Amino acid sequence: CMVFRATCDNITEELVQEFVLTAENGVELGGLISEDMTLYPNVHYIVTKTLVVEEGKVLTILPGTVLKFKKDVSIYIPKGSLQCEGEPGNMIVFTMADNETGYMKDLHLNKNTVKYVKFSGLRIENEVIYGLSSVNMDNCIVENCFTTSYLLDGNTLNQTNLIYSQGRTQIQTGSVT
């Protein structure tokens, strides 16, 4: 806890206010990925701006990697590739950034497969997991998430669990095995 003290020339009393400064130390991600990129499990990643993978480029996320999303950001992979395969005891995690209370936007992982990925504590607005259109989710967990879009629309889910998730979760055109 820190104390802020201020005075003013025409006021005789001193103003004293306690405040808490919260810092988050990590590697910021965001913007256009224009060359192949690999994310590692021993790094604290904070997605601060929408992350876009350019056509022909690959974003590889290794098992055990955690991506923390700030408010109003997305991952958008319209024509690029995503290699996102965790392991049974070492899942990849997509969650909100520390002390974040806002909504994230799309997880548009179009036509890619994600394996052993845990989507946890996300408050997702408009077409987010819906934005996963045509994605294959294999052995994933969607836990404590809220979405305003159809969670499973157009997706294939294999051994994927929905735990305490809320919102429009009915299946529209996806398949579940």
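Residues numbered from 1 in each chain as written. Predicted model: local features only at pLDDT ≥ 70, side-chain atom pairs only at ≥ 80, totals over all residues. Heavy atoms only, no water.

Q: Give a description of the overall build of the chain that names residues and reports values.
A: Assigned secondary structure in the chain consists of zero helices and 21 strands. Taking all contacts inside the chain whose residues are at least 6 apart in sequence as the whole, residues at least 24 apart take part in 38%. (Helix = DSSP H or I, 4+ residues; strand = E, 2+ residues; numbered from the N terminus. Contact = heavy atoms within 4.5 Å.)

Q: I'd like to hear about the environment of asparagine 99, residue by residue, with values.
A: One can find asparagine 99 in the loop between strand E10 (92-96) and strand E11 (107-108). Take asparagine 99: its relative accessible area is 66%, and that puts it in the exposed class. For the pair asparagine 99 and lysine 70, spaced 29 residues apart in sequence, the C-alpha to C-alpha distance is 9.4 Å. (Buried < 20%, exposed > 50% of the residue type's maximum accessible area, 1.4 Å probe, protein only.)

Q: So what's going on with the pattern of salt bridges? Which residues, and what values?
A: It is possible for side chains of opposite charge to pair when their charged atoms get near one another. In total, this model carries two salt bridges according to the counting rule given. Lysine 68 serves as the salt-bridge partner of aspartate 98, at 2.6 Å between the closest nitrogen and oxygen. Here aspartate 98, found in the loop between E10 and E11, pairs with lysine 68, found in strand E7 (residues 66-69); they are 30 residues apart in sequence, far enough to count as distant. Judged by its relative accessible area of 17%, lysine 68 is buried. Here glutamate 143 and lysine 118 are joined by a salt bridge, their closest N and O atoms 3.0 Å apart. Here glutamate 143, found in strand E16 (residues 141-143), pairs with lysine 118, found in strand E13 (residues 117-120); they are 25 residues apart in sequence, far enough to count as distant. Note on glutamate 143: relative accessible area 18%, which makes it buried. Here lysine 118 falls in the partly exposed class, since its relative accessible area comes to 24%. (Salt bridge = Lys/Arg side-chain N within 4 Å of Asp/Glu carboxyl O.)

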